[in-house]
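# A closer look at the structure
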Amino acid sequence: MKQLWTIAAIAVVLTACKSTPMNPAKVEDASITRPIAKEQSNANGNASDNINIKTVDIDTTKEAQLDAAELAKRQVFFDYDSDAIREEYKTLIANHAKYLLAHAQTKVVLQGNTDERGTHEYNLALGQRRAVAVKTALNFLGVPDSQIETVSYGEERAKQNCADVACGQPDRRVDIVYAGQ
Amino acid sequence: MIFHFLHDKGALMLNLLRRHGQMIGLTICLLMSGSVQAALEVEINGGAAQMIPVAILPFAEPLNTANKQHLHEVISNDLKNSGLFRIINTSGMPALPTEPSQIRYPEWAALKAQGLSVGDVQVTANGQLKVSVQVMDVLRQTPLLQLNYTVPTSQYRHVAHLIADEIYLKFTGQPGAFATRIAYVTRAGKRFTLQVADADGYNAQTLVASNEPIISPAWSPDGTRMAYVSYEKKKPVVFVQSLYTGERKVVANFKGNNSAPAWSPDGSKLAVVLTYGANSQLYTISLDGQNLQQVTKSNHIDTEPAFSPDGQYIYFTSDRGGRPQIYKVPAAGGSVSRVTFEGGYNVSPRFSPDGRYLTYIRNDGGSFKVAVQELAGGDVKLLSIGAQDESPSFAPNSRTIMYTSRVGGRNTLATVTVDGLVRQRLSEASGDIREPAWGPAQASKNNH
């Protein structure tokens, strides 16, 4: 999972470089990210012979369209009792990272949420852990802490009268909220 | 507003009673006057093994004083719901005395009454209530208690609770907790309120109403202020509010979350949980927002602080061992040691004010129950039977624990005695009740 994530990160960084070639910070990011990807590939036993190379297809027109659509997505959902970011949300997070890097004055609040099971304060702490997981992902893509605040609503915005794990799925999420919105 | 009480002697005793077909069921419905028409429903399925039989006779009182329940009814309900008293039914008695000289003791001895209370209510020239009550020892035919109160008419029920506390103390040797108050949060859709009510659920008043979440109410040790967390700034911020002036102050509003306020026993500071950009950690802070000190430093969740009654330690919930368990740390910081070992999930520690017990919530095979642990012996008992019980809070007399229980898809208030013998449920008809906090004994508006 980490490997794919890193590759996605490279794709985003490369895309960022291509669309904004004048930004030296992003070139530096790319050079740092590349060896980590190789190391993780080796650790997982994949591509260790350097034969099975993964293709990163960069089509900037397509990316630009995707960005607009992905940036409109502001919710990252989680599994029960988990703060692991699911594969399907990595592009979404990467697009927000790209936006934040391009808009250094913009601040974002990551609001963690949980379902109703468990106590209020412990759920607040669990929601915080989810918010921190998204923050860490943004940090990894170069977004500084100064642009991010993590807070948690715990179970306070959860659907009421939801007793089982399935109906609580929409509640287990992090909302990405831009300042002033 | 419907109050529903369920008493039983614990699951085992209840099953025994059911098996032997000896279960006593009793339902009383009373219509209350006032702005809201409401019914009180009481169901008794058992009680303590040795209940003290007492007769609480109607007070001689002007018709206009009893706006809701009569004094003797409030006193009787308090004592009965404690599980330690049996209230003698006086409906069949031909003439009820209202002063000691009228008492024919053999009649009451025949009914096995140990105590008998008689009294009267007068309205003074300036419109106050003058309540006088005498409690007699039926066997010895001697006075046990002689009490007089002069209070505003608004404290009609409060006087009854004060009398019940005195009777409870006289017969059990332990202080009662009837004339105390509770705080809790209600949620109805997106409307949250912080309420303060009498310990029996009556006279609820709104302290805060908000369209953003309110959580974690905590009484100051002197009962005059409430700490709580409000999301009115779109993030959890710790406030302290005076009950009587409404003055409110921000105590903790740092980057990230500010939550889980817990008062130090001397009332000088709060333990709070802050996050900045990481996981929840314990801090202490003065009421003026100064003297911030970090108490725990871990990469894990450390939350739900509770000061030990001697102020030396802060007990808290942490997942540092993988699953949430209760730990303790010196209040000034230091080495952390684990407190709970049984069960894979123990959260929300709260002390009994006498320092003898710790109560918390245990996940017992998928259902969340109230547990109580004797701190000296380490003996742990599960006291509640609910599937999703939360937020235990001790009464100031250390005998009863209030918590929330999920019934029919919403949370209601419930109580259980620390010996597990008596459970009650108080349920309101609307709204979702959460996080009850039982106020201190000093909180009562005692002006007799």
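These numbers come from a predicted model, not from an experiment.

Thresholds, definitions, all that
Residues numbered from 1 in each chain as written. Chains lettered and ligands numbered in written order. Predicted model: local features only at pLDDT ≥ 70, side-chain atom pairs only at ≥ 80, totals over all residues. Heavy atoms only, no water. Axes fitted to C-alpha atoms, helices over the stretch in contact; angles between N-to-C directions. Helix = DSSP H or I, 4+ residues; strand = E, 2+ residues; numbered from the N terminus. Parallel < 35°, antiparallel > 145°, perpendicular 65-115°, else oblique. Left-handed = near helix turned anticlockwise from the far one by under 90°. Contact = heavy atoms within 4.5 Å. Nonpolar A, V, L, I, M, F, W, Y, C, P; charged D, E, K, R; others polar. Buried < 20%, exposed > 50% of the residue type's maximum accessible area, 1.4 Å probe, protein only. Buried area = accessible area lost by both parts, 1.4 Å probe. Salt bridge = Lys/Arg side-chain N within 4 Å of Asp/Glu carboxyl O. Polar contact = N/O pair within 3.5 Å; in protein donor to acceptor, adjacent residues only side chain to side chain. Phe/Tyr/Trp six-rings, centres within 6.5 Å; stacked < 30°, edge-to-face > 60°. Core = buried A, V, L, I, M, F, W, Y, C linked by side-chain atoms within 4.5 Å. Pairing = 2+ DSSP bridges.

## Quick look at the packing of helix H4 (residues 90-102) of chain A against helix H5 (residues 120-140) of chain A
Residues and elements named next belong to chain A.
- The interhelical angle for the contact between H4 and H5, taken along N-to-C directions, is 60°, at an axis separation of 9 Å. As far as their axial angle goes, H5 and H4 are oblique. Viewed along their axes, H4 and H5 form a crossing whose handedness is right-handed. In this structure, H4 contributes Ile93, His96, Ala97 and Leu100 to the contact, and H5 contributes Val134, Ala137 and Leu138.
- When grouped by side-chain class, the residues that make up the contact of H4 with H5 number 6 nonpolar, 1 polar and no charged.

## Digging into the packing of helix H2 (residues 71-81) of chain B against helix H4 (residues 156-172) of chain B
Residue and element names in this part refer to chain B.
- The contact between H2 and H4 brings their axes to 8 Å, and the two run at 45°. One element, H2, and the other, H4, form an angle in the oblique class. The element H2 and its partner H4 pack so that their crossing is right-handed. From H2, Leu71, Val74, Ile75, Asp78 and Leu79 reach across to H4, where they touch Tyr156, Arg157, Ala160, His161, Ile163, Ala164, Ile167 and Tyr168.

## With respect to unusual backbone geometry
Residue and element names in this part refer to chain B.
- A positive phi angle is found at serine 391, which is not glycine, with a value near 55°.
- Relative to the helices and strands, serine 391 is located in strand E28 (residues 390-394).
- Look at serine 391 and you get buried, because its relative accessible area is 12%.
- The residue serine 398 is not glycine, and still its phi comes out positive at about 65°.
- Within the fold, serine 398 resides in the loop between E28 and strand E29 (400-407).
- Overall, the relative accessible area of 7% leaves serine 398 in the buried class.

## Some words on the interface of chain B and chain A
- At the interface, 44 residues of chain B touch 32 residues of chain A.
- Where chain B abuts chain A, roughly 3000 Å² becomes buried across the two surfaces, and 45% of that area is made up of carbon and sulfur atoms.
- Arginine 434 of chain B serves as the salt-bridge partner of glutamate 156 of chain A, at 3.0 Å between the closest nitrogen and oxygen.
- Run the count over chain B and chain A and you get 18 residue pairs in polar contact (both at pLDDT 80 or more).
- Elements that contribute at least two residues to the side of chain B that touches chain A include exactly strand E12 (214-219), strand E16 (258-263), strand E20 (302-307), strand E24 (346-351) and strand E32 (432-438) of chain B.
- When residues in the side of chain B that touches chain A are grouped by element, the largest group, 3 residues, is from E32 of chain B.
- Here the residues of the side of chain B that touches chain A sort into 15 nonpolar, 15 polar and 14 charged.

## Some remarks on the packing of aromatic side chains
Residues and elements named next belong to chain B.
- The tally for this structure, following the rule as stated, stands at 14 aromatic pairs over all chains.
- Centre to centre, the rings of phenylalanine 85 and tyrosine 168 are 6.1 Å apart; their planes meet at 45°, and the pair counts as tilted. Of the two residues, phenylalanine 85 sits in strand E5 (residues 85-87) while tyrosine 168 sits in helix H4, which places them 83 residues apart along the sequence. The pair formed by phenylalanine 85 and tyrosine 168 is uniform in burial state, with each residue classed as buried.

## Observations regarding the nonpolar core
Residue and element names in this part refer to chain B.
- Formed by 29 residues in total, the largest nonpolar core has its most connected members in Ile75, Leu79, Val131, Ile163 and Ile167.
- Elements with a contribution of two residues or more to this core: strand E4 (52-56), H2, strand E7 (129-137), strand E8 (142-151) and H4.
- For this core, the element with the highest residue contribution is H4, accounting for 8 residues.
- Other than its neighbours up to four places away in sequence, leucine 79 contacts Val54, Ile56, Leu84, Phe85, Ile87, Ala164, Ile167, Tyr168 and Phe178.

## Describing the sheet that holds strand E17 (residues 269-274) of chain B
All names here are of chain B.
- One open sheet accounts for 4 strands, arranged E16-E17-E18-E19; its pairing is antiparallel. Every interior strand has two partners, whereas the edge strands, E16 and strand E19 (293-294), have only one.
- Pairing between E17 and strand E18 (residues 281-286): 6 bridges, direction antiparallel. Paired with valine 273 across the bridge in E18 is leucine 282.

## Re H2 of chain B
Residues and elements named next belong to chain B.
- Across the 11 residues that make up H2, a large majority, 10, are buried.
- Within the sequence span of H2, burial applies to Leu71, His72, Val74, Ile75, Ser76, Asn77, Asp78, Leu79, Lys80 and Asn81.
- Backbone geometry just downstream of H2 places glycine 83 in the positive-phi region, at approximately 80°.

## Regarding the sheet that holds strand E25 (residues 357-364) of chain B
Residue and element names in this part refer to chain B.
- If you trace the 4 strands from one edge of the open sheet to the other, you get E24-E25-E26-E27, paired in antiparallel fashion. Only two strands of the sheet have a single neighbouring strand rather than two, namely E24 and strand E27 (380-382). Taken pair by pair, the neighbouring strands of this sheet meet at an average axis angle of 25°, ignoring direction.
- Here E24 runs beside E25; their pairing, made up of 4 bridges, is antiparallel. When the bridges of E25 are listed, valine 347 appears paired with isoleucine 361.

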